[in-house]
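Coordinates in review
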Amino acid sequence: MVAYTALNRTALTREAGISMATIPARFTLGNATVSILRLGALQARLADWLRLDPAAWPEAYRDAFAAPISVPIQCVHLALSGRSLLIDACHPQLLAHVGTPDPDAAASPGLRDQLAAVGVDPADIDTVAITHPHFDHYCGLIDVGAAPAGDRLLFPNARHLLGRADGEQLQADLANPATPVGRALGLVDRAGRLDLIDGARDLGDGIRILPTPGETPGHQAVRVESGGAVLYILDDLYHHPVEVAHPDLGVHWADPVATAASRAQLVAAALAERALLIAAHIPGVGRLTGTADHARWEPRAPAELVPAG
Ligand SMILES: [Zn+2]
């Protein structure tokens, strides 16, 4: 029910001189067209992220712990019923601020170019859901000028939705353009285009914001249902499939109790709905298999998804 199309990869690659791995992938979910934008990648050491000694590395994932792995930064664009929505906004050339960019992925084209590749004008985007205010999820909200005064909103006509629990913690930074939060999210706020979201919110057309606290107190996911198919955009509820197989594992900066509760809700729903899943840092599209107590992340091969028209 669901296949995948690459865009016109050959033409795009020739025109922009960009690598195959960085070209957006698109698929159809009912009446929705879903584009996965790959905005760079970071080198991650899972043993550090999860603070696990070698003796505790799960056997099936030892290779992923033994050496740095490349984790993508994926943002998602949704088009349906005349709506144009973006979930998160990263700027690949700014990733050095948050970690070690993967050298193979450092040359990713930016959001503007990748949106153009899927036929989207930033001015037409009506909603930007910011899953949480970590730099790699919001730094692409602006066209960066030489100084903060020269910055411009990349999505000037969109409402930008941030979890209230996160927004309220950031009030001082939002007001200070000298901070990363203040420069990007603060510009959105000062333009009167930032909405703080309490709990779940129905955005219409089968799109719903769901609170999934853990990574941050206000972390939120997006659920899309169209034509009987369901997709969750989970962002940092999971960072690697090992956290699905071993739900007691999580990154050291997250709240473990809140994360466990958010994951348990998602797993029950996603298994029952046979939902597709996209996480910011797990490449491509997945689905859960197994049971609520023993779930696994199963990648969906491109041939199993429905091509976008
Ligand atoms: Zn992240």
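Remember, predicted model here, so these are calculated numbers, not experimental data.

**Digging into unusual backbone geometry**
A negative phi angle characterises most non-glycine residues, just as the trans form characterises most peptide bonds. A positive phi is found at Arg-51, a non-glycine position, where the angle reads about 50 degrees. The residue Arg-51 is located in the loop between helix 2 (46–49) and helix 3 (62–66) in this model. Residue classification places Arg-51 among the partly exposed residues on the basis of 13 C-beta atoms within 10 Å. Phi at Asp-205 is positive, roughly 60 degrees, even though this residue is not glycine. Relative to the assigned elements, Asp-205 resides in the loop between strand 12 (201–204) and strand 13 (207–211).

**A word on the sheet that holds strand 13**
Pairing is mixed across the open sheet formed by 7 strands, whose spatial order is 12-13-14-15-16-17-18. The strands lining the two open edges of the sheet, one partner per strand, are strand 12 and strand 18 (295–299). The mean inter-strand angle of the sheet, taken between neighbouring strand axes irrespective of direction, is 25 degrees. Judged from the 3 bridges that link them, strand 16 (residues 276–279) and strand 17 (residues 282–290) form a sheet pairing that is antiparallel. Paired with Leu-276 across the strands is Arg-287, a residue of strand 17.

**Concerning the environment of Ile-207**
Structurally, Ile-207 is set in strand 13. Note on Ile-207: 24 C-beta atoms within 10 Å, which makes it buried. For the pair formed by Ile-207 and Asn-31, sequence separation is 176 residues and the distance between their alpha carbons is 12 Å. Not counting chain neighbours up to four residues away, the residues in contact with Ile-207 comprise Leu-78, Leu-85, Val-222 and Val-224.

**Focus: the pairing of strand 4 (residues 69–80)**
Burial analysis of strand 4 places 10 of its 12 residues in the buried class, the great majority of the element. When strand 3 (residues 32–44) meets strand 4, the two strands line up antiparallel, connected through 10 bridges. Bridge pairing in strand 4 links Val-34 to Leu-78. As judged from the 5 bridges shared by strand 4 and strand 5 (residues 83–87), these two strands associate in the antiparallel manner. Among the inter-strand pairings, Val-76 is bridged to a residue of strand 5, identified as Ile-87. Taking the residues that link successive antiparallel strands as the turn, the strand 4-strand 5 hairpin has 2 residues, and the phi of Ser-81 there is positive, at about 50 degrees.

**A look at the environment of Arg-223**
Its location among the elements puts Arg-223 in strand 14 (residues 220–226). Once the C-alpha coordinates of Arg-223 and Ala-41 are considered, the two residues, 182 residues apart in sequence, prove to be 24 Å apart. Setting aside its immediate chain neighbours within four residues, Arg-223 contacts Arg-208, Leu-210, Val-230 and Tyr-232.

**A short note on helix 10 (residues 256–273)**
For helix 10, with 18 residues, the first-to-last C-alpha span of 25 Å sits near the 26 Å given by 1.5 Å per residue. The set of residues buried in helix 10 consists of Thr-259, Ser-262, Arg-263, Leu-266 and Ala-270. In an axial view of helix 10, the angular spread of the buried residues amounts to 100 degrees, which keeps them on one side of the axis. Of the residues in helix 10, the exposed ones pointing more than 90 degrees away from the buried face are Val-257 and Ala-272. Close packing links the buried residues of helix 10 with strand 15 (229–233), strand 16 and strand 17. In the segment just after helix 10, Arg-274 is the residue with positive phi, at about 50 degrees.

Calculation notes
- Residues numbered from 1 in each chain as written.
- Predicted model: local features only at pLDDT ≥ 70, side-chain atom pairs only at ≥ 80, totals over all residues.
- Helix = DSSP H or I, 4+ residues; strand = E, 2+ residues; numbered from the N terminus.
- Buried ≥ 20, exposed ≤ 12 C-beta atoms within 10 Å, placed from the backbone.
- Pairing = 2+ DSSP bridges.
- Axes fitted to C-alpha atoms, helices over the stretch in contact; angles between N-to-C directions.
- Contact = placed C-beta atoms within 7 Å.
- Expected span 1.5 Å × (residues − 1).
- Arc of directions from axis to C-beta.

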